[in-house]
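One-letter residues, chain by chain:
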Amino acid sequence: MRKKGWKQHAGQYVFLQCSELSIFEWHPFTLTTAPEEDYLSVHIRKSGDWTASLLKAVAGHSKDKTTKEGKRAELNFKIAVDGPYGTPSDDIFKYKTTVLIGAGVGVTPYASILKSVWYKLKSGNFDFGVKKIYFYWLCSDASVFGWFTSVISEVVTELKELECSQYLEVRPHLTRFNNDKNMMENVAMNMDNEEDAITTLPGVKTRFGRPNWLKDFVEIGEKNPATDIGVFFCGPAILSETLDKSCSLANAELENNQAGSMFFYNKENF
């Protein structure tokens, strides 16, 4: 979809309505394009009746159109867009150090944010607030990584070419792997490859199991002394409670260590 005279911030969302399906239903989706791009996009996962019907409608009422970017499906019906609307992610650029945590499809807000960081650096803008991003990408199923691998991989590669890799540290975690023998053999065989065997991200290795949040937060706080650190989470409420508590515990420990850092927690549950 092309943008016409509207403004957005990284991490915002819109409501979509498809009159082909229903004139009354509006559904929220996070924008996955950066504000610097001249079009808007959302990633829609088939989950429920409405998204299943939308997928069927797109398949039955679209045609391939060849553009300079390649083939795209062009719809012959309209989708209405309401928004964009803000989220806690709007505050990300207020912090010099940020921790972004996306669980499963909760990674969607950060596609826009990470691309926006790259665009800013590419344009020579080094004074946009953020100096370091720790990006945690949690998935219980290895196949879910594939949903956004191309976007994250592009950002990682482009930052490396700009010699700005220090701005982003990606930490993918496969939280459930059930001792999959084939997968573990694949990981072992490709351990020395530049491309990760699980996510295919360049120069980034997948970690197995859930992060030790308190340990990680304290280490991040000690590496970034006397700094306000924004923690932004998109995912299930049960993990949000754990992260909120871990931030408080880390703040207490950092105060005892006189590191001078403090975590500020922001959530976007689904």
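To start, this report covers the structure provided alongside it. (Residues numbered from 1 in each chain as written. Predicted model: local features only at pLDDT ≥ 70, side-chain atom pairs only at ≥ 80, totals over all residues. Heavy atoms only, no water.)

## Quick look at the sheet that holds strand β5 (residues 79-85)
1) Next: An order of β2-β1-β5 is seen for the three strands of this open sheet, with the pairing classed as antiparallel. Sheet topology places β2 (27-30) and β5 at the edges, where each strand pairs with a single neighbour. Taken over all neighbouring pairs, the strand axes of this sheet differ in orientation by 30 degrees on average, direction set aside. (Pairing = 2+ DSSP bridges. Helix = DSSP H or I, 4+ residues; strand = E, 2+ residues; numbered from the N terminus. Axes fitted to C-alpha atoms, helices over the stretch in contact; angles between N-to-C directions.)

## What to know about the nonpolar core
1) Next: Of all hydrophobic cores here, the largest spans 36 residues; its most connected members are L100, L114, I133, F135, W137, I152 and L168.
2) Next: Broken down by secondary-structure element, the contributors of at least two residues to this core are α2 (108-122), β7 (132-139), α3 (149-161), β8 (168-174) and β10 (228-235).
3) Next: If you tally residues by element for this core, the top one is α2, at seven residues.
4) Next: I101, A103, L243 and L254 belong to the second-largest nonpolar core, a separate cluster that totals 21 residues. (Core = buried A, V, L, I, M, F, W, Y, C linked by side-chain atoms within 4.5 Å. Buried < 20%, exposed > 50% of the residue type's maximum accessible area, 1.4 Å probe, protein only.)

## A closer look at the environment of A80
1) Next: Within the fold, A80 resides in strand β5.
2) Next: Measuring from C-alpha to C-alpha, the distance between A80 and I23 comes to 9.8 Å, with 57 residues separating the pair along the chain.
3) Next: In contact with A80, not counting residues within four places along its chain, are F15, L16, Q17 and W26. (Contact = heavy atoms within 4.5 Å.)

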